[in-house]
Amino acid sequence: MVSIMSRQVGGAVAPTGWTGAAIALLEKLDRTQGAALDDAAAICARAIGSYPGFHPMVELSTTFHTQVVGTNGQRQAMFIERVEGLAEVILRNFHLSAPDAMVVFSARGVTANPIEMAMGARRRGLPVVAVTSVAESRAATAGHSSGTRLLDHADVLIDLGTPIGDALVAIDGLATPVGPGSSVTGVAVVNEIKVRTARLLVARGGMPPVLTSESVVGNEESARLFDAAYDEHARRLARVLAGREEHV
């Protein structure tokens with residue numbers, strides 16, 4: 001049997017679990033990070049010029065650990081993200097220059113890879129938007145030889161607002177809390193930036209076709225928008241993948 005604890009709120013019964021804590025965290029993000037999100041969207045709108053301009057840089061060696069243990073496990077991912085010099089190896093695959101921009105996500109922001117991605121982007125003249133938990137980052141021991149954290153290399157800092165340790169729910173009888181909050185606020189930040197960037201692009205008349213479900217626009221128009229958006233993304237990505245910068 002599974003039971004859910006609850007508490008009385010304004011005459012109604014409300015759950016006291018992760019969902020309620022996550023809602024409160026999202027409300028905090030909305031209340032406190034609006035200006036930073038606007039600044040990030042302005043940078044993105046200048047950089048991409050069109051909606052398909054967002055390009056994820058996801059290294060499987062540091063992000064793919066669904067096995068947990070064994071091959072491609074969590075231990076390896078955590079080790080690799082602490083290796084200094086890896087970020088520059090990654091960046092050498094891209095030709096990055098103004099007006100490109102970099103958005104770096106790291107809940108703690110103290111390991112080598114995200115820090116050096118931000119440092120490398122700035123050396124290339126790119127503005128850096130850092131998405132991290134300020135409380136968590138400042139409480140954690142700096143893990144980079146420079147003694148700096150990701151937030152030290154940000155032109156715009158977006159605070160995830162998560163508490164030290166990230167977990168949101170305390171359980172009686174358990175020494176440590178559970179239920180991370182950075183995942184939900186991280187997704188919220190991504191979508192807020194996308195929406196606010198779209199609003200800016202529409203205002204300047206630069207918004208291209210957007211991928212839209214056939215249930216909204218019909219099969220034929222949905223297929224056309226799909227091809228148009230991905231063709232535009234490929235065109236823009238071709239420049240970025242042209243080769244490494246000679247000046248770096």
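What counts and what doesn't
- Residues numbered from 1 in each chain as written.
- Predicted model: local features only at pLDDT ≥ 70, side-chain atom pairs only at ≥ 80, totals over all residues.
- Heavy atoms only, no water.
- Pairing = 2+ DSSP bridges.
- Helix = DSSP H or I, 4+ residues; strand = E, 2+ residues; numbered from the N terminus.
- Axes fitted to C-alpha atoms, helices over the stretch in contact; angles between N-to-C directions.
- Expected span 1.5 Å × (residues − 1).
- Buried < 20%, exposed > 50% of the residue type's maximum accessible area, 1.4 Å probe, protein only.
- Contact = heavy atoms within 4.5 Å.
- Arc of directions from axis to C-beta.

### So, the sheet that holds strand 5 (residues 156-159)
By definition, the strands of a sheet pair up through backbone hydrogen bonds, in either a parallel or an antiparallel sense. What the three strands build is an open sheet, ordered 3-4-5; its pairing is parallel. Every interior strand has two partners, whereas the edge strands, strand 3 (102-105) and strand 5, have only one. Taken over all neighbouring pairs, the strand axes of this sheet differ in orientation by 15 degrees on average, direction set aside. Here strand 3 runs beside strand 4 (residues 128-132); their pairing, made up of four bridges, is parallel.

### A closer look at helix 6 (residues 112-123)
With 12 residues, helix 6 ought to run about 16 Å at 1.5 Å a step, and its terminal C-alpha atoms sit 16 Å apart, in line with that. Three or more residues of helix 6 are buried, namely A112, N113, P114, I115, E116, M117, A118, G120 and A121. Those residues of helix 6 that are buried are in contact with helix 3 (60-63), helix 5 (86-91), strand 3 and strand 4.

### A short note on helix 1 (residues 18-32)
Over its 15 residues, helix 1 runs 21 Å from end to end, which matches the ideal 21 Å to within 8%, given 1.5 Å per residue. Turning to helix 1, its buried residues are A22, L25 and L29. Projected down its long axis, helix 1 carries its buried residues within an arc of 60 degrees, all on one side. Opposite the packed face of helix 1, turned more than 90 degrees from it, sit the exposed residues D30 and R31. Buried residues along helix 1 sit against helix 2 (34-48), strand 5, strand 6 (167-169) and helix 8 (182-203).

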